[in-house]
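Architecture and fold: a report
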Amino acid sequence: MRTEQPKVIYLKDYQAPEYLIDETNLTFELYEDHSLVHAQLVMRRNPERAAGDAGAGLPPLVLDGQQLELLALSMDDQALTAADYQLDDSHLTLQPKAATFTLDSTVRIHPETNTALEGLYKSGKMFCTQCEAEGFRKITYYLDRPDVMSKFTTTVTAEQHRYPVLLSNGNPVASGSEEGGRHWATWQDPFKKPAYLFALVAGDLWCVEDSFTTMTARDVALRIYVEPENIDKVQHAMDSLKKSMRWDEEVYGREYDLDIFMIVAVNDFNMGAMENKGLNIFNSSCVLAKAETATDAAHQRVEAVVAHEYFHNWSGNRVTCRDWFQLSLKEGFTVFRDAEFSADMNSRTVKRIEDVAFLRTNQFAEDAGPMAHPVRPDSFMEISNFYTLTVYEKGSEVVRMIHTLLGAEGFRKGTDLYFERHDGQAVTCDDFIKAMEDANGVDLTQFKRWYSQAGTPRLAVTEAFDPAARTYTLSFRQSCPATPGQAEKLPFVIPVELGLLDAAGNDLPLRLAGEAQAGGGNRVISVTEAEQSFTFVDIAEKPLPSLLRGLSAPVKLSFPYDRDQLMFLMQHDSDGFNRWDAGQQLSVQVLQELIGQHQRGEPLQLDPRLLTAFRTLLDDESLDQAMVAEMLSLPSEAYLTEISEVADVDAIHAAREFTRQSIGATLFEPLLARYQANRAISRETGYVAEAAHIARRTLQNIALSYLMQSGKADVLAACLEQFKDCDNMTERLSALAVLVNSGFEQEKAEALACFADYFKDDPLVMDQWFSVQAGCGLPGGLERVQALMEHPAFTLKNPNKVRALIGAFANQNLVNFHRADGAGYRFLADHVITLNALNPQIASRQLAPLTRWRKYDDGRQQLMRAELERILASGELSSDVFEVVSKSLA
Ligand code: B3K
Ligand code: ZN
């Protein structure tokens, strides 16, 4: 906990470490009421910093350490006493006498009471670790920074009966039993790594084993460890792992490097997973999946997270970050890698649609709020607060733009050079860019502004057609709003992928003024100035532009399309993503009109063109069902909030619900036809995990949710049939969600009770049960959530539960969370205060909805601010919570 105001750390203050640690030899003694950690560090003066030593002597050695009880300390086998060092609550300082030395320490720690889930802690009955970013300092005194890379050897000793499995990074080298029912195992990691990649696991675990033959014909043992009751939910993760390993060889030429790769699933975990060298530790929600308990979306998440953590072996572990300001070096790049992997494994267009919808709703909101920061931040108080959508998702968009600008081949040349040049090093985002530049002979100086300037740029586009000259000119004007600490912004390099559609909807051949010949119907132009025009020649008729295809840059584009033009693009754009995006823009226009009507107290009148467009989609059986499902999905309330100047929660909710009802009523017949046809196939084939079936189920479930708006008895019957008779969680949970959001009180109550009774022993399924109810927008949402907090399956100590109930309520149930009396805000603040003491990282994450207070009307602004003030005054705040609250109020 914070005793004084946390310090701000600046990138500009970076200095290389004074000392290095060549070898780290650890021994853990695990017990039920404490654990002991013996560390032997083989250290030396960093030659890079040694220039002035001859005159000035050696500088003090300052080791990081928190919540450690120092029991013994010696240097080069000489025991040290309290007079030989200084201790405060986060450092151990001592004076080396020689440029190389060995430091031995023993500390006592308490994993059994560690609720912050950082460092060494217990999840249920097993011991596990989470060290990134700065958790290793809660395990032993160390230079806990990513530019200190060391060779680790780890011995774990524990009671054999309770902890038959003892794991750490690298390869197993020895094991044995001790007296008194204890045993030990030693692991050695041949690769130097920073302490944040250290991992240890001890527990009663079962594993599924497989193997992978690498591109150079080496056999790698693959093991996924889980608690015994979950052993039947591991196959999908194993398949995903093998696909990832092959994909990284084929697409990036990257081979796995140890003889064994392990994944361990734990129930209590602050985020999705962690890429510890050779021993990934996962939130069980990102490993366990089988048809009966996990939805299609959950299966896809497992595939993506397994891939993401595996890909870190190169982008993060072999080449790591110099300091935490460079976090996006590994995270942005790795998110890009996993997104491309998922695109290759599933539908590329659908993956892009999902990612962009998420980016626009959530990252754009972060970039417009009080925590806005560049992809490479300049400063932070608490690094845990910077594992953000900006570092991850926008960081990935930045890498995607480099890929777009250089092309796949040029990009690969760049990554080859990057991995070769920096293997075994801790480097910066500039090093990454430099490799891209050197491999391609290009200059990315201006492009690098994407790393240093925060905020979502706006790109306003206008057109001018000259029939006599047969030219068509697109004029671009870019601007970027001010963000905290950054008033003025310089122009970005914005790659705009585009096409021009003729009256039949075909891409016209594109030839810019000055070019010898046309170069296809789709191209990328780079907007690099604040205002810039591009003139296309040989254009006989006025075209309709399709701009920013695939969201080729993370910007907010505006072009004055009318609704008929959007409908035309929805049908004809050769870019699937832009067909979807045209539909979204049409929906946004229509919904915004309804929001205005609601605010003026007028009767709501839906533009029938939206219904026509949706009917066309439903009638066209040749379309990819996954695309139809995406296109039938209205923009979320959260997205409508994000694009509002002042968000009127009630009007947004009313407009969207009204539209959903109109769709359900007007398109009842085609929706029912689609529903019945698709449900019949589900019944006939049973669950099939293939893309076509996933698409079919998605459309089936969207159709069901619209149909249920009608309140008709036969739709209810169909919904109950699906709920009871299906063989998989995708159909069951969708039916449950539809019931929960309906007015059929008795059926709803019965379904919820029956579901909970059946799945009460499966925590991940119960998370879904909590979420579905937390997200229900019917009146009384807060009271329902408060009652659920008392449910025996709920606990604030499990992050998944907090996210499933409190998180889902505050982020997805906007109309209930933003109740005009502020009770939703009070509820959230109360739990943030409790969580601050239990688990600061989770507390700080849950705060996000309150930080967005500037989006709302005066009354709500005051209520939200008052809750932030109350948190600030509530006592000793963690640096995590303090940073977010104080920046939000600034
Ligand atoms: N690198 C970890 C995130 C660690 C977060 C620490 N607070 C997971 C990932 O991005 O792969
Ligand atoms: Zn990552």
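Everything numeric in this text was worked out from a predicted model, so none of it was measured.

**Quick notes on the overall build of the chain**
Scanning the chain from terminus to terminus reveals 28 helices and 31 strands. For 890 residues, the compact-globule formula gives about 29 Å, and the C-alpha radius of gyration of the chain, at 28 Å, lands near that figure. With the C-alpha coordinates aligned to their principal axes, the bounding extent of the chain is approximately 85 × 70 × 60 Å. Out of the 890 residues belonging to the chain, those deemed buried represent 59%. A separation threshold of at least 6 residues defines the contact pool for the chain, and within that pool the share at least 24 residues apart is 71%. Here the chain displays about 33,800 Å² of accessible surface, and carbon together with sulfur accounts for 50% of that area. Charge centroids of the chain, computed over 85 positive and 126 negative side chains, lie 2 Å from each other.

**Brief notes about the site of ligand 1**
Among the 13 residues in the neighbourhood of ligand 1, the closest are listed as Glu132, Ala273, Glu275, Glu309 and Tyr392. His312 places a polar side-chain atom, nitrogen or oxygen, 3.1 Å from an oxygen atom of ligand 1. One of the side-chain nitrogen or oxygen atoms of Glu331 is found 2.9 Å away from an oxygen atom of ligand 1. Here ligand 1, which alone exposes 340 Å², has 95% of that area covered by the protein. Of all elements in the fold, only β20 (273-274), α3 (296-311) and α4 (327-345) reach the threshold of two or more residues within the shell around ligand 1. Split by residue class, the shell around ligand 1 holds five nonpolar, three polar and five charged.

**A closer look at the coordination of the zinc ion (ligand 2)**
Protein coordination at the zinc ion (ligand 2): the donors are His308 (NE2), His312 (NE2) and Glu331 (OE), at 1.9 to 2.1 Å from the metal. Each donor residue of the zinc ion (ligand 2) lies on one chain, and together they are spaced H-x3-H-x18-E. One end of the pair, His312, is in the loop between α3 and β22 (320-321); the other, Glu331, is in helix α4, and 19 residues separate them in sequence. The class of His312 is buried, set by a relative accessible area of 0%.

**A short note on the pattern of salt bridges**
Within this structure, the stated rule accounts for 72 salt bridges. A salt bridge links Arg137 to Asp144, with the nearest nitrogen and oxygen atoms 2.9 Å apart. A single burial state applies to Arg137 and to Asp144, both of which are buried. The residue Asp607 makes a salt bridge to Arg609 at a minimum N-O spacing of 2.9 Å.

**What to know about unusual backbone geometry**
With glycine set apart, most residues show a phi of negative sign, and most peptide bonds adopt trans. Cis rather than trans, the peptide bond between Glu132 and Ala133 has omega equal to 0°. Its place among the elements puts Ala133 in the loop between β11 (126-130) and β12 (150-159). The phi angle at Asp538 is positive, at roughly 65°, despite the residue not being glycine. Here Asp538 shows up in the loop between β29 (531-537) and β30 (544-546).

**Quick word on α4**
One turn of the α-helix equals 3.6 residues, which is why residues spaced by three or four share an orientation. The terminal C-alpha atoms of α4 lie 27 Å apart, and with 19 residues this matches the ideal 27 Å at 1.5 Å per residue to within 8%. Burial analysis of α4 places 17 of its 19 residues in the buried class, which makes it a mostly covered element.

**Details of the sheet that holds β29**
Strand order in the open sheet formed by four strands is β29-β26-β25-β31, with mixed pairing between adjacent strands. Edge positions in the open sheet fall to β29 and β31 (556-558), since each of these has one partner strand only. Ignoring strand direction, the axes of neighbouring strands in this sheet form an average angle of 20°. Across three bridges, the pairing between strand β25 (residues 458-466) and β31 is parallel. From the neighbouring strand, Ala460 faces β31, where its bridge partner is Ser558.

**Topic: the sheet that holds strand β8 (residues 91-94)**
If you trace the three strands from one edge of the open sheet to the other, you get β4-β8-β7, paired in antiparallel fashion. The strands lining the two open edges of the sheet, one partner per strand, are β4 (61-64) and β7 (85-87). The sheet shows a mean angle of 15° between the axes of neighbouring strands, direction not considered. Here β7 pairs with β8 via three bridges, running antiparallel. For Leu87, the partnering residue across the bridge sits in β8 and is Leu92.

**Considering the packing of helix α5 (residues 348-367) against helix α6 (residues 389-422)**
Between α5 and α6, the least distance of the axes is 10 Å, while the angle of their chain directions is 125°. What the angle tells us is that α5 and α6 run oblique. As α5 packs across α6, the resulting crossing turns out to be left-handed. Between α5, through Arg352, Phe358, Leu359, Asn362, Gln363, Glu366 and Asp367, and α6, the contact on the second element is made entirely by Leu389, Thr390, Glu393, Lys394, Glu397 and Arg400.

**Topic: the packing of aromatic side chains**
This model, assessed by the stated rule, comprises 41 aromatic pairs. Look at Tyr252 and Phe411: their rings are 6.5 Å apart centre to centre, the planes differ by 80°, and that puts the pair in the edge-to-face class. With a gap of 159 residues between them, Tyr252 in helix α2 (residues 235-252) and Phe411 in helix α6 connect regions that are remote in the sequence. Geometry around Trp314 places Arg254 over its ring, the cationic atom sitting 4.5 Å from the centre. The cationic tip of Lys712 hangs over the ring face of Phe668; the distance from NZ or CZ to the ring centre is 3.7 Å.

**Focus: the pairing of β25**
Both faces of the sheet carry side chains from a regular strand, because those side chains alternate between them. Here nine bridges tie β25 to strand β26 (residues 471-479), and the two strands are oriented antiparallel to one another. The residue bridging Ala460 from the neighbouring strand is Arg477, located in β26. Hairpin connection from β25 to β26: four residues lie between these consecutive antiparallel strands, with Arg470 at a positive phi of about 55°.

**Notes on the UniProt feature "domain: Peptidase M1 alanyl aminopeptidase Ig-like fold" (unreviewed entry) in the chain**
Taking the UniProt record as the reference, the feature "domain: Peptidase M1 alanyl aminopeptidase Ig-like fold" (unreviewed entry) is found at residues 455-558. Taken end to end, residues 455-558 is 0% helix and 42% strand, and its first and last C-alpha atoms sit 16 Å apart.

**Brief notes about the UniProt feature "domain: Peptidase M1 membrane alanine aminopeptidase" (unreviewed entry) in the chain**
Per the UniProt annotation, the sites labelled "domain: Peptidase M1 membrane alanine aminopeptidase" (unreviewed entry) are residues 237-450. Between the end C-alpha atoms of residues 237-450 the distance is 34 Å, and the span holds 56% helix and 9% strand.

**Side note on the pairing of strand β9 (residues 100-109)**
Here strand β3 (residues 35-45) runs beside β9; their pairing, made up of ten bridges, is antiparallel. Paired with Ala39 across the two strands is Ser105, which belongs to β9. As defined by bridge partners, strand β5 (residues 69-75) adjoins β9 across six bridges and the pair is classed as antiparallel. Residue pairing in the sheet places Ala72 in a bridge with Thr106 of β9.

**Observations regarding the side chain of Gln326**
Within the secondary structure, Gln326 sits in the loop between β22 and α4. Judged by relative accessible area, Gln326 falls into the buried class, the value being 2%. Dropping the residues within four chain positions of it, Gln326 is found in contact with Leu11, Cys321, Arg376, Val427, Thr428 and Cys429.

The rules behind these values
- Residues numbered from 1 in each chain as written.
- Chains lettered and ligands numbered in written order.
- Predicted model: local features only at pLDDT ≥ 70, side-chain atom pairs only at ≥ 80, totals over all residues.
- Heavy atoms only, no water.
- Helix = DSSP H or I, 4+ residues; strand = E, 2+ residues; numbered from the N terminus.
- Rg over C-alpha atoms; globule rule 2.2 N^0.38 Å.
- Buried < 20%, exposed > 50% of the residue type's maximum accessible area, 1.4 Å probe, protein only.
- Contact = heavy atoms within 4.5 Å.
- Areas by Shrake-Rupley, 256 points an atom, 1.4 Å probe, with all protein chains shown as cover.
- Lys, Arg positive; Asp, Glu negative; His and termini not counted.
- Charge placed at Lys NZ, Arg CZ, Asp CG, Glu CD.
- Near = heavy atom within 4 Å.
- Polar contact = N/O pair within 3.5 Å; in protein donor to acceptor, adjacent residues only side chain to side chain.
- Nonpolar A, V, L, I, M, F, W, Y, C, P; charged D, E, K, R; others polar.
- Donors = N, O, S within 2.8 Å, 3.2 Å for Na, K, Ca; no water.
- Salt bridge = Lys/Arg side-chain N within 4 Å of Asp/Glu carboxyl O.
- Expected span 1.5 Å × (residues − 1).
- Pairing = 2+ DSSP bridges.
- Axes fitted to C-alpha atoms, helices over the stretch in contact; angles between N-to-C directions.
- Parallel < 35°, antiparallel > 145°, perpendicular 65-115°, else oblique.
- Left-handed = near helix turned anticlockwise from the far one by under 90°.
- Phe/Tyr/Trp six-rings, centres within 6.5 Å; stacked < 30°, edge-to-face > 60°.
- Lys NZ or Arg CZ within 6 Å of the ring centre and 35° of its normal.
- UniProt positions renumbered as here; feature names shortened; annotations may be inferred.

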